[in-house]
Amino acid sequence: MLAFSVIFRTQARRLRLHILPRTSSLIGERCRMSSMNPLAAVCQVTSTPDKEANFAACKRLVEQAKKRGACMVFLPEGFDYIGSSRDETLELSESMEGDTISRYTQLARKLEVWLSLGGFHERGEKWESDRRIYNSHIIINAQGHVVSVYRKGHLFDVELTGKGVSLKESAFTIPGPGLTPPVQTPIGKVGLGVCYDLRFPELSLALRRQEAEILTYPSAFTVTTGAAHWEVLLRARAIETQCFVLAAAQVGSHHAKRASYGHALAVDPWGVVIGDCGGVETGVALVEIDMQKLRDTRRDMPVQQHRREATFYSSLDSTG
Ligand SMILES: O=C(O)CNC(=O)[C@H](CS)NC(=O)CCC(=O)C(=O)O
């Protein structure tokens, strides 16, 4: 009998529930059955500069998640690698046609599972002359086709005085051109962001306006900013858009100079944390995507209808 564990959080207590599907044949069917809520898998990994080892670790988690009944598996920013210098980060990058994406499309096809690959280091169009990359969030369907790509719009150029955080993403990355429309998947309509984008509610509101039901922020948050802001920001985006929010994450030490906060998280449209991978280990949290919860939340408190964006922006214009 196959069992899977879902990590639920009730206030300060964490409970691990073991749920037994009635028969193992239900697992493959779950994504197609309208009577059961689909399962999403939010992964937490520790990428290093070793691409082979990272692929092996991610593949194991995707296989585990599929076995436990997931229809769609979410991997974090830098799932391919986290480089130890600007030069190494650039050197290891690939195009969409390279080995890495080809291996993941094969994996998706073989396991018949959808994948969200957050934060792929993608060589830009003018790589040969400018050596710049995009930070790309790629969606692959269960037939192994790339169905959507969003290129991170907000770059993390941040230096926190006295807090040991100093990163300049724009030194190697080009910002993406803008929003990618939400994509229909077996778990719902998924809107794409990446990591630092989480801090900009105008992106999540634009995705909500385009009918997103699930927002995704695959991340590699720093330990300092993660401890201060991560859960608050994710819950705020969920509450104000009334969407599920799924955020796969990097955890622990990538190399001598860099570590990540962890806590890959899943939040429901009411703002409740329904999955949390913790701050220590790699792993996967399986969560039910119950669209009735979303419909109830939006019906009871129709904030999207109450929104008066135009009023506030036009008053800004008139006051200069
Ligand atoms: O560098 C790579 O290889 C992959 N990219 C990242 O890890 C990015 C850019 S440096 N990290 C973040 O955006 C952290 C955001 C953050 O921590 C916050 O908003 O507080």
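Residues numbered from 1 in each chain as written. Predicted model: local features only at pLDDT ≥ 70, side-chain atom pairs only at ≥ 80, totals over all residues. Heavy atoms only, no water.

Help me out: how do you make sense of the overall build of the protein in this one?
Scanning the protein from N- to C-terminus turns up 10 helices and 18 strands. For the protein, with 320 residues in total, the buried portion stands at 52%. Here the analysis covers contacts within the protein between residues at least 6 apart in sequence; of these, 68% occur between residues at least 24 apart. (Helix = DSSP H or I, 4+ residues; strand = E, 2+ residues; numbered from the N terminus. Buried < 20%, exposed > 50% of the residue type's maximum accessible area, 1.4 Å probe, protein only. Contact = heavy atoms within 4.5 Å.)

Help me understand the sheet that holds strand β13 (residues 244-247), please; the structure alone is not making it clear to me.
Pairing within the open sheet is mixed, and its 6 strands lie in the order β10-β11-β12-β13-β16-β17. The two strands at the open ends of the sheet, each matched to only one other strand, are β10 (183-185) and β17 (273-276). For this sheet the average axis-to-axis angle between neighbouring strands, irrespective of direction, equals 25 degrees. Where helix α7 (residues 223-241) meets the sheet, its contacts fall on β12 (214-216), β13, β16 (265-267) and β17, and the angle it forms with β16 comes to roughly 25 degrees. (Pairing = 2+ DSSP bridges. Axes fitted to C-alpha atoms, helices over the stretch in contact; angles between N-to-C directions.)

Please explain the environment of Ala-57 as it appears in this structure.
Structurally, Ala-57 is set in helix α2 (residues 51-67). Between the C-alpha atom of Ala-57 and that of Ser-85, which follows or precedes it by 28 residues, the distance is 22 Å.

For this particular structure, what's the right way to read the UniProt feature "domain: CN hydrolase" (unreviewed entry) in the protein?
In the numbering used here, UniProt assigns the feature "domain: CN hydrolase" (unreviewed entry) to residues 37-291. Between the first and last C-alpha atoms of residues 37-291 the distance is 8 Å; the span itself is 27% helix and 33% strand. (UniProt positions renumbered as here; feature names shortened; annotations may be inferred.)

Sorry if this is basic, but what is going on with unusual backbone geometry here?
Of note in this structure, Arg-131 is not a glycine but carries a positive phi near 50 degrees. With respect to the helices, strands and loops of the structure, Arg-131 is situated in the loop between α5 (127-130) and β6 (133-140). Assessed through its relative accessible area of 32%, Arg-131 is described here as partly exposed. Positioned with a positive phi, Cys-195 is a non-glycine residue whose angle comes to about 45 degrees. Inspection of the secondary structure assignment puts Cys-195 in the loop between β11 (188-192) and α6 (201-209).

What is the right way to read the confidence of the model for the protein from this model?
The predicted coordinates of low-pLDDT regions are not to be read in fine detail. For the protein, the mean per-residue pLDDT works out to 91, and 89% of the residues sit at or above 70. Averaged pLDDT values for the elements of the protein fall to 36 in strand β2 (residues 13-19) and rise to 99 in β13. Counted against residues more than four places away or in other chains, residues 1-24, with its pLDDT under 50, gives 47 contacts. Taken over the whole predicted complex, pTM reads 0.91, whereas the ipTM for its chain interfaces reads 0.96. (pLDDT = per-residue confidence, 0-100.)

Quick question: what am I supposed to make of the pairing of strand β18 (residues 283-288) here?
For a regular strand, side-chain orientation follows a simple rule: the groups alternate between the two sheet faces. Burial of β18 is extensive: 5 of the 6 residues sit out of reach of the surface. When strand β3 (residues 39-45) meets β18, the two strands line up antiparallel, connected through 6 bridges. Across the sheet, residue Val-42 finds its bridge partner in β18, namely Ala-285.

Would you take a moment to explain the site of the ligand for this structure?
Around the ligand, the surrounding shell holds 15 residues, and the nearest of these are His-121, Lys-152, Arg-199, Thr-225 and Arg-258. Contacts to the ligand include His-121, whose side-chain N or O atom sits 2.6 Å from an oxygen atom. A distance of 2.6 Å separates an oxygen atom of the ligand from a polar side-chain atom of Thr-225. Contact with the protein chains removes 98% of the 490 Å² of surface that the ligand exposes when unbound. (Near = heavy atom within 4 Å. Polar contact = N/O pair within 3.5 Å; in protein donor to acceptor, adjacent residues only side chain to side chain. Areas by Shrake-Rupley, 256 points an atom, 1.4 Å probe, with all protein chains shown as cover.)

I tried to follow α6 on my own but got confused; where do I start?
Each turn of an α-helix holds 3.6 residues, which means side chains three or four residues apart point in the same direction. Among the residues making up α6, those that are buried are Leu-203, Ser-204, Leu-205, Leu-207 and Arg-208. Looking one or two residues beyond α6, the residue adopting positive phi is Glu-211, at roughly 75 degrees.

Is there a simple way to explain the pattern of salt bridges in this structure?
One side chain can pair with another of opposite charge once the charged atoms of both are near each other. A full pass over the atoms with the stated rule returns 14 salt bridges. Among the ionic pairs, Arg-131 bridges to Glu-91, the shortest N-O distance being 3.5 Å. Of this pair, Arg-131 sits in the loop between α5 and β6 while Glu-91 sits in helix α3 (residues 86-91), placing them 40 residues apart in sequence. By relative accessible area, Glu-91 is classed as partly exposed at 49%. The residue Asp-268 makes a salt bridge to Lys-293 at a minimum N-O spacing of 3.1 Å. Placement of the pair is Asp-268 in the loop between β16 and β17 and Lys-293 in helix α8 (residues 291-300), with a sequence separation of 25 residues. Its relative accessible area of 33% is what places Lys-293 among the partly exposed residues. In this structure, a network of salt bridges that share partners links the residues Glu-77, Lys-152 and Glu-169. (Salt bridge = Lys/Arg side-chain N within 4 Å of Asp/Glu carboxyl O.)

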